[in-house]
Amino acid sequence: MRLRPPTRLAANAEEYWPDMEGLDFRDTVTDFALPEGTFFDCATVHLLTTATLERLRELYPAGRFEVRRFRPNIVVETPNGVKDFVENAWIGYTLAIGDEVRLAITGPCPRCVMTTLPQGDLPADPGILRTAAKHNQVNVGVYASVLAGGTIRRGDAIRVE
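What comes next is a walk through the structure. This structure is a prediction, so every number in the text was calculated from the model and none was measured. (Residues numbered from 1 in each chain as written. Predicted model: local features only at pLDDT ≥ 70, side-chain atom pairs only at ≥ 80, totals over all residues. Heavy atoms only, no water.)

### Considerations on the overall build of the chain
Here comes step 1: Summing up its helical and strand segments, the chain has 3 helices and 8 strands in all.
Here comes step 2: The N-to-C order of helical and strand elements in the chain reads β-β-β-α-α-β-β-β-α-β-β.
Here comes step 3: Across the 161 residues that make up the chain, the buried fraction comes to 38%.
Here comes step 4: Put simply, of all contacts in the chain between residues at least 6 apart along the chain, 71% involve residues at least 24 apart.
Here comes step 5: As displayed, the chain has an accessible area near 9800 Å², and 51% of this comes from carbon and sulfur atoms. (Helix = DSSP H or I, 4+ residues; strand = E, 2+ residues; numbered from the N terminus. Buried < 20%, exposed > 50% of the residue type's maximum accessible area, 1.4 Å probe, protein only. Contact = heavy atoms within 4.5 Å. Areas by Shrake-Rupley, 256 points an atom, 1.4 Å probe, with all protein chains shown as cover.)

### A short note on the nonpolar core
Here comes step 1: If you look at the biggest cluster of nonpolar residues, it comprises 12 residues: Val45, Leu47, Ile74, Val76, Trp90, Leu95, Ile97, Val101, Leu103, Ile105, Val142 and Ala144.
Here comes step 2: Looking at this core, the elements with two or more residues in it are strand S3 (45-49), strand S4 (74-76), strand S5 (94-97), strand S6 (101-110) and strand S7 (139-148).
Here comes step 3: Sorting elements by how many residues they give to this core places S6 first, with 3 residues.
Here comes step 4: Setting aside residues no more than four positions away along its own chain, tryptophan 90 makes contact with Leu47, Thr49, Val76, Leu95, Ile105 and Val160.
Here comes step 5: The next biggest cluster of nonpolar side chains, apart from the first, holds 9 residues, and it includes Leu48, Leu56, Ile128 and Ala132. (Core = buried A, V, L, I, M, F, W, Y, C linked by side-chain atoms within 4.5 Å.)

### So, helix H3 (residues 126-136)
Here comes step 1: Residues Gly127, Ile128, Leu129, Thr131, Ala132, Ala133 and Asn136 constitute the buried set of H3.
Here comes step 2: Taken together, the buried residues of H3 touch helix H1 (50-59), helix H2 (67-70) and S7.
Here comes step 3: Where H3 begins, the side chain of aspartate 125 points an oxygen toward the backbone nitrogen of glycine 127, at a separation of 2.8 Å.
Here comes step 4: Residue glutamine 137 follows H3 closely and has a positive phi angle near 50°. (Polar contact = N/O pair within 3.5 Å; in protein donor to acceptor, adjacent residues only side chain to side chain.)

### Some details on the side chain of histidine 46
Here comes step 1: With respect to the helices, strands and loops of the structure, histidine 46 is situated in strand S3.
Here comes step 2: Excluding its chain neighbours within four sequence positions, the residues that come into contact with histidine 46 are Phe70, Arg71, Pro72, Asn73, Ile74, Cys109, Arg111, Val140, Gly141, Val142 and Tyr143.

### Some words on the pattern of salt bridges
Here comes step 1: Enumeration according to the criterion identifies 9 salt bridges in this entry.
Here comes step 2: Between glutamate 54 and arginine 57 there is a salt bridge, with the nearest N and O atoms lying 2.6 Å from each other. With glutamate 54 and arginine 57 both in helix H1 and 3 residues apart, the pair spans about one turn of that helix.
Here comes step 3: Residue glutamate 54 is classed as partly exposed on the basis of its relative accessible area of 31%.
Here comes step 4: Between glutamate 161 and arginine 102 there is a salt bridge, and its shortest N-O distance comes to 3.6 Å. Taken as a pair, glutamate 161 in the segment after strand S8 (158-160) and arginine 102 in strand S6 lie far apart in primary sequence, 59 residues in all.
Here comes step 5: Note on glutamate 161: relative accessible area 44%, which makes it partly exposed. (Salt bridge = Lys/Arg side-chain N within 4 Å of Asp/Glu carboxyl O.)

### Some points on H1
Here comes step 1: Those residues of H1 that fall on the buried side of the exposure criterion are Ala51, Thr52, Leu53 and Leu56.
Here comes step 2: Contacts from the buried residues of H1 go to S3, H2, H3 and S7.

Honestly, that's just the spatial picture; any functional story needs more than this.
Structure representation (structure tokens):
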């Protein structure tokens, strides 16, 4: 018996945009092509800082802005007291993590209605997306591509190059 490699199929994803001010689309569904052979939206890496989460909590104290709601690959812990969308300034630069890893920060990470849905003990909360839309053009974190791979360890130094 002879096995053939699987045929790669082009995959599309759908995204529902709720009827909220500040979103690119309102009360509609858009679709977009996924990169061939993958199942991620726009980039292989999603970075999020604790400063962004703190800023969102400050803007909407009733919301539970927890890491798991946004599902990033990497969470960067910023100094205590920093409450800002700091990763926005990294777009177009390289982020060095530890001695080996280099990531090209390619753009903002726009979020969709998925962040408002209940997950475990997190309640449904449309205010999560409304806050991101109103204060950071619906972005929560940034996308990155891998320039140089390697091992990342908790506590590794991070610098913008």
